[in-house]
Amino acid sequence: SFQSSDFLFKFLVIGNAGTGKSCLLHQFIEKKFKDDSNHTIGVEFGSKIVNVGGKYVKLQIWDTAGQERFRSVTRSYYRGAAGALLVYDITSRETYNALTNWLTDARMLASQNIVIILCGNKKDLDADREVTFLEASRFAQENELMFLETSALTGENVEEAFVQCARKILNKIESGELDPERMGSGIQYGDAALRQLRSPRRAQAQSAQECGC
Amino acid sequence: EDEEKTGRPHRPLSPKQNVRKNLDFEPLSTTALILEDRPANLPAKPAEEAQKHRQQYEEMVVQAKKRELKEAQKRKKQLEERCKLEDSIGNAVLTWNNEILPNWETMCCSRKVRELWWQGIPPSVRGKVWSLAIGNELNITHELYDICLARAKEKWRSLSMGGAEVEGEDAGFSAADREASLELIKLDISRTFPSLCIFQQGGPYHDTLHSILGAYTCYRPDVGYVQGMSFIAAVLILNLDTADAFIAFSNLLNKPCQMAFFRVDHGLMLTYFAAFEVFFEENLPKLFAHFKKNNVTPDIYLIDWIFTLYSKSLPLDLACRVWDVFCRDGEEFLFRTALGILKLFEDVLTKMDFIHIAQFLTKLPEDLPSEEFFTSIAAIQMQSRNKKWAQVKRMLIFDNK
């Protein structure tokens, strides 16, 4: 179904292998858990339009491979990302310990103002927990990250993670902290916003062209 | 009118029976309802209306019979085609077994064999042909496989007991790295062809897949386990015995293109992508321009295709046919296949923007028409200004130095 949007944000999903990155994306888009999922080789994609405080934002999501070996490939996808979900698995301390490396990469290679939300995934497996909410939340504060514990299985906090990240970016645009027109901001005006900027006659032609995209 | 529709017949009546006698065809109950008489407590149907209903009923029956006949003809045609296909597979098996395989060295490059090869190798000889075509440059023996497997098992045991350092040529890799890689193998096996349910924990080939990947990390600690390998090993396991699958696996990964990718040699990978783009522009200039305009770079879709040799992105039977010709033609066929896919979907892709192209190519439709697919690949010319794939690649590698 066609829905025009005010903005387009490029989002990344990053984190170690097996933390549930693709499942989070699938749950966000399809509203169900993918229980026969493959591992991602390289990168996969998703897109969805979300309503954030009355504005329609189209998220263009890059879901990257988690294995360390692919880092040199996935690094090239960071450029121009406006937001990122940094994912670890609450039942695996190893995936939590790797966060610093992921964070360094994201801050260095994506846009400087990239908004990152830390997601402690597999919240439904509380019995096997190896990372407490408290320590992760402290890590998030120290590194200026937003933080949620999510479950791709039940869907808990999945939509929230994407939407909160998008909201923070919108706030930054409104406060002037982020300039969508700056190169590499990871933000583009959506078709709705572009229509307002153009003269009415051209706008009509444009909307006819864009329908069905 | 209303009563007529809902009213149920109280006694069997002649018009319906008459019609039934004339037809050897049992109509669906709902279509027959129209013929029922009204219940006894209501006035009977006027003759005119009854006549009209009979006519309508007969028309319906004629239509239904026509449909049935058509379907029967379709089924018959399908059956004939299947028989023909099975015959030709049967003949092909004989040709492969009796003529080609015994004379492999002299026959493998003949025109006739190459043509038969393109049609797809019959599953019963597929493994043998793959093994012969991939070869065994590395001279791996079954004994060597057993040794590598034994070492892998030793490592798993020592790691599970708390991880004493294992000495050897892989001493440069930390215990943590090795453990991570072993953990990842376990994780990925459960995520390899999950819908087949044969490689997962408890499935018949779970241990085989685990063994081959483990043995490989001992055979080539410098390469180790890289995601994508589990798909390649799985496809080989489906067609070969374990030790032969290991031999084919190791030799296949040792080919220049596979080594470049599995070592994630980014520079060399970019050279492959650049060579691919030369043939992309040559074969599909319009789509090439559209991709350029939308910043769709080849790595976005090629990485998954090349790392798994299409086994993750294509239906398994099609992937095996791609493997068949890949074994015949080498790496260039992987890139030709990619161009075949782009050509097959050129019209829809030209209408899409970046995100839709990226989504489409990283998740291809599940119902790819196999004949059209191979026709599309066949139409791709791997020649650019008189230069073949290998020459273009060599030139680009030279340029980068």
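Residues numbered from 1 in each chain as written. Chains lettered and ligands numbered in written order. Predicted model: local features only at pLDDT ≥ 70, side-chain atom pairs only at ≥ 80, totals over all residues. Heavy atoms only, no water.

Engineer: Mind showing me how you'd approach the overall build of chain B here?
Structural biologist: When its secondary structure is counted, chain B shows 22 helices and 2 strands. Summed over its atoms, the accessible surface of chain B is roughly 21,600 Å², and 52% of this surface lies on carbon and sulfur atoms. (Helix = DSSP H or I, 4+ residues; strand = E, 2+ residues; numbered from the N terminus. Areas by Shrake-Rupley, 256 points an atom, 1.4 Å probe, with all protein chains shown as cover.)

Engineer: Is there a simple way to explain the packing of helix α4 (residues 47-100) of chain B against helix α7 (residues 123-134) of chain B in this structure?
Structural biologist: Helix-helix packing is described using two parameters, namely the angle between the two axes and the distance between the axes. All names here are of chain B. Between α4 and α7, the shortest axis-to-axis distance is 9 Å and the interhelical angle comes to 35°. Between α4 and α7 lies a crossing of left-handed hand. Across the interface between the two elements, V93, W96 and N97 from α4 touch S124, V125, K128 and V129 from α7. When the residues that make up the contact of α4 with α7 are grouped by side-chain class, the tally is 4 nonpolar, 2 polar and 1 charged. (Axes fitted to C-alpha atoms, helices over the stretch in contact; angles between N-to-C directions. Left-handed = near helix turned anticlockwise from the far one by under 90°. Contact = heavy atoms within 4.5 Å. Nonpolar A, V, L, I, M, F, W, Y, C, P; charged D, E, K, R; others polar.)

Engineer: Can you walk me through the packing of helix α17 (residues 316-329) of chain B against helix α18 (residues 332-344) of chain B in this structure?
Structural biologist: All names here are of chain B. α18 packs onto α17 with a crossing angle of 135° between their chain directions and a minimal axis gap of 8 Å. Taken together, the axes of α17 and α18 lie oblique to each other. Of the residues in α18, those in contact with V322, V325, F326 and D329 of α17 are E332, F333, L334, R336 and T337. For the contact of α17 with α18, the per-class residue count stands at 5 nonpolar, 1 polar and 3 charged. (Parallel < 35°, antiparallel > 145°, perpendicular 65-115°, else oblique.)

Engineer: What is the right way to read the side chain of K393(B) from this model?
Structural biologist: Residue and element names in this part refer to chain B. Its place among the elements puts K393 in helix α22 (residues 389-400). Among the polar contacts made by the side chain of K393, one reaches the side chain of Y272 at a distance of 3.2 Å. Residues contacting K393, with those up to four places away along its chain left out, are T271, Y272, A275 and E331. (Polar contact = N/O pair within 3.5 Å; in protein donor to acceptor, adjacent residues only side chain to side chain.)

Engineer: Even after reading the chapter, I still don't get the confidence of the model for chain A, so can you show me in this structure?
Structural biologist: Interpretation of the predicted coordinates at a detailed level should be avoided for regions scoring low in pLDDT. Of all residues in chain A, 89% attain a pLDDT of 70 or more, and the chain-wide mean is 89. For the stretch residues 199-213 of chain A, pLDDT sits under 50, and the model shows 10 contacts to residues farther than four places along the chain or on other chains. (pLDDT = per-residue confidence, 0-100.)

Engineer: What exactly am I supposed to notice about unusual backbone geometry here?
Structural biologist: A negative phi angle characterises most non-glycine residues, just as the trans form characterises most peptide bonds. Residue and element names in this part refer to chain B. Positive phi, normally seen in glycine, also occurs at F193, with a value near 40°. Mapped onto the fold, F193 is located in the loop between α9 (175-189) and α10 (206-219). In this structure F193 comes out as buried when scored by relative accessible area, which is 10%. The residue Y310 is not glycine, and still its phi comes out positive at about 70°. Assignment of secondary structure puts Y310 in the loop between α16 (299-307) and α17. Its relative accessible area of 0% is what places Y310 among the buried residues. (Buried < 20%, exposed > 50% of the residue type's maximum accessible area, 1.4 Å probe, protein only.)

Engineer: Which parts of the structure should I look at to understand the pattern of salt bridges?
Structural biologist: Opposite charge on two side chains allows them to pair when their charged atoms are near. For the structure on display, the rule yields 26 salt bridges over all chains. In this structure, E115(B) engages R111(B) in a salt bridge whose closest nitrogen and oxygen atoms are separated by 3.4 Å. A residue pair is termed a helical-turn pair when its members lie 3 or 4 positions apart in one helix, as E115(B) and R111(B) do in helix α6 (residues 111-118) at 4 residues. Assessed through its relative accessible area of 45%, E115(B) is described here as partly exposed. A single network of salt bridges, built from pairs that share partners, joins E68(A), R71(A), R75(A) and D105(A). (Salt bridge = Lys/Arg side-chain N within 4 Å of Asp/Glu carboxyl O.)

Engineer: Is there a simple way to think about the nonpolar core in this case?
Structural biologist: Taken as a class, soluble globular proteins show a tendency for nonpolar side chains to be buried jointly. Ranked by size, the top nonpolar core spans 149 residues in total, and within it Y301(B) and L342(B) carry the most contacts. Of the residues that make up this core, three or more belong to each of domain 1 (134-160 + 174-254) and domain 2 (258-400) of chain B. Among all residues touching Y301(B), those that are not within four sequence positions of it are F276(B), F280(B), F291(B), V296(B), L342(B) and L361(B). If you look at the next biggest cluster of nonpolar residues, it comprises 33 residues, including F9(A), L24(A), I61(A) and V163(A). (Core = buried A, V, L, I, M, F, W, Y, C linked by side-chain atoms within 4.5 Å. Domains from an automatic or database assignment.)

Engineer: Please explain the interface of chain A and chain B as it appears in this structure.
Structural biologist: Many authors give the size of an interface as the accessible area that is lost as the parts come together. Contacts between the two partners involve 28 residues from chain A and, on the opposite side, 35 residues from chain B. Taken together, the two surfaces of chain A and chain B that pack against each other cover about 2,600 Å², and 61% of this comes from carbon and sulfur. Among the residues chain A hides against chain B, the three largest losses belong to H39(A), I41(A) and R69(A). Together they make up 28% of the total. Counting the contacts that link chain A with chain B gives 1 salt bridge. The partner of E44(A) in a salt bridge is K312(B), with the nearest N and O atoms 3.5 Å apart. Viewed at the interface, chain B and chain A are joined by 9 residue pairs in polar contact (both at pLDDT 80 or more). (Buried area = accessible area lost by both parts, 1.4 Å probe.)

Engineer: Is there a simple way to explain the environment of W102(A) in this structure?
Structural biologist: Following the sequence through the fold, W102(A) ends up in helix α4 (residues 99-109). Every residue in contact with W102(A), bar those within four places of it in the chain, is listed here: I14(A), G15(A), N16(A), A65(A), G66(A), R71(A), Y78(A) and L86(A).

Engineer: Looking at this structure, I do not really get helix α14 (residues 266-283) of chain B. What am I missing?
Structural biologist: Because each turn of an α-helix spans 3.6 residues, side chains separated by three or four positions in sequence point in the same direction. The first and last C-alpha atoms of α14(B) sit 26 Å apart over 18 residues, in line with the 26 Å expected at 1.5 Å per residue. Residues M269(B), T271(B), Y272(B), F273(B), A275(B), F276(B), E277(B), F279(B), F280(B) and N283(B) constitute the buried set of α14(B). (Expected span 1.5 Å × (residues − 1).)

Engineer: Is there a simple way to think about the domain arrangement of chain B in this case?
Structural biologist: All names here are of chain B. Here chain B is partitioned into domain 1 (134-160 + 174-254) and domain 2 (258-400). For domain 1 versus domain 2, the distance between C-alpha centres works out to 27 Å. Opposite the 20 residues of domain 1 that make contact, domain 2 presents 14 residues. The junction of domain 1 with domain 2 conceals about 1,400 Å² of combined surface from both sides, 78% of it contributed by carbon and sulfur atoms. Across the contact surface, domain 1 and domain 2 share 1 salt bridge.

Engineer: Looking at this structure, how should I read the packing of aromatic side chains?
Structural biologist: Ring pairs (aromatic) are described by centroid distance and by the angle formed between their planes. All names here are of chain A. Applying the stated criterion across every chain yields a total of 42 aromatic pairs over all chains. Consider the rings of F11 and F162, whose centres lie 6.4 Å apart with planes at 15°: the pair is stacked. Remark: F162 occurs in helix α6 (residues 158-174) and F11 occurs in strand β1 (residues 7-15); sequence separation between them is 151 residues. Since its relative accessible area comes to 0%, F162 is described here as buried. (Phe/Tyr/Trp six-rings, centres within 6.5 Å; stacked < 30°, edge-to-face > 60°.)

Engineer: Quick question: what am I supposed to make of α6(B) here?
Structural biologist: All names here are of chain B. Those residues of α6 lying buried are V113, W117 and W118. In an axial view of α6, the angular spread of the buried residues amounts to 140°, which keeps them on one side of the axis. Count one or two residues on from α6 and you reach G120, which has phi positive near 105°. (Arc of directions from axis to C-beta.)

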